[in-house]
Amino acid sequence: QVQLVESGGGLVQAGGSLRLSCAASGRTFSNYAMAWFRQAPGKEREFVAAISWSGGSTYYADSVKGRFTIDRDNAKNTVYLQMNSLKPEDTAVYYCAAGQPYYTNEYYRETQYNYWGQGTQVTVSS
């Protein structure tokens, strides 16, 4: 089992920044790829960003590319999502997830992640 706890969400004005953190405990953190997904009201959960177990590969949704950065610190068992130039359409509950995808296209799939956090709310005002 891997337990994941997100933090860092909040209310920010459009154009602002937030940094989300996800602390992991349980099984060896560095064995897992990590990802962020989000779910806006009335919408399905969608992929945001992912990072390989080593941190050597990162993947982003087109909607956040160039604005968001995912990174991880395996010594601290933590993955981060730096969100810059936030837009009202970024408003959602953000979820951290851990899994073991293999092929590149698997990193984008919700079904490849076995462990999920409880989510943290991000609200961007216009």
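This one's a predicted model, so the numbers in the text were calculated from it and none came from an experiment. (Residues numbered from 1 in each chain as written. Predicted model: local features only at pLDDT ≥ 70, side-chain atom pairs only at ≥ 80, totals over all residues. Heavy atoms only, no water.)

Caption draft 1: Representation of the pattern of salt bridges. Scanning the entire structure with this criterion turns up six salt bridges. Asp90 serves as the salt-bridge partner of Arg38, at 2.9 Å between the closest nitrogen and oxygen. Of this pair, Arg38 sits in strand β4 (residues 33-39) while Asp90 is found in the loop between β8 (78-83) and β9 (92-99), placing the two residues 52 residues apart along the sequence. This pair shows no difference in class: Arg38 is buried, exactly as Asp90 is. Between Asp62 and Lys65 there is a salt bridge; the shortest N-O distance is 3.2 Å. (Salt bridge = Lys/Arg side-chain N within 4 Å of Asp/Glu carboxyl O. Helix = DSSP H or I, 4+ residues; strand = E, 2+ residues; numbered from the N terminus. Buried < 20%, exposed > 50% of the residue type's maximum accessible area, 1.4 Å probe, protein only.)

Caption draft 2: Representation of unusual backbone geometry within the structure. Positioned with a positive phi, Asn77 is a non-glycine residue whose angle comes to about 55°. A residue is classified by how much of its surface remains accessible, and Asn77, at 29% relative accessible area, is partly exposed. Although it is not a glycine, Ser85 adopts a positive phi angle of roughly 50°. Relative to the assigned elements, Ser85 resides in the loop between β8 and β9.

Caption draft 3: Structural context of the pairing of strand β11 (residues 120-125). In β11, alternate side chains face the same way, and those of Thr120, Val122 and Val124 are buried while those of Gln121, Thr123 and Ser125 on the opposite face are not. Sheet topology note: the β9/β11 ladder contains three bridges and is antiparallel. Residue pairing across strands places Tyr94 opposite Thr120, the latter belonging to β11. (Pairing = 2+ DSSP bridges.)

Caption draft 4: Focus on the side chain of Arg72. If you trace the backbone, Arg72 turns up in strand β7 (residues 68-73). Side-chain polar atoms of Arg72 contact the backbone oxygen of Trp53, separated by 3.5 Å. Leaving out residues up to four positions away in the same chain, Arg72 has contacts with Phe29, Ser30, Tyr32, Ala33, Met34, Ile51, Ser52, Trp53, Gly55, Thr78 and Val79. (Polar contact = N/O pair within 3.5 Å; in protein donor to acceptor, adjacent residues only side chain to side chain. Contact = heavy atoms within 4.5 Å.)

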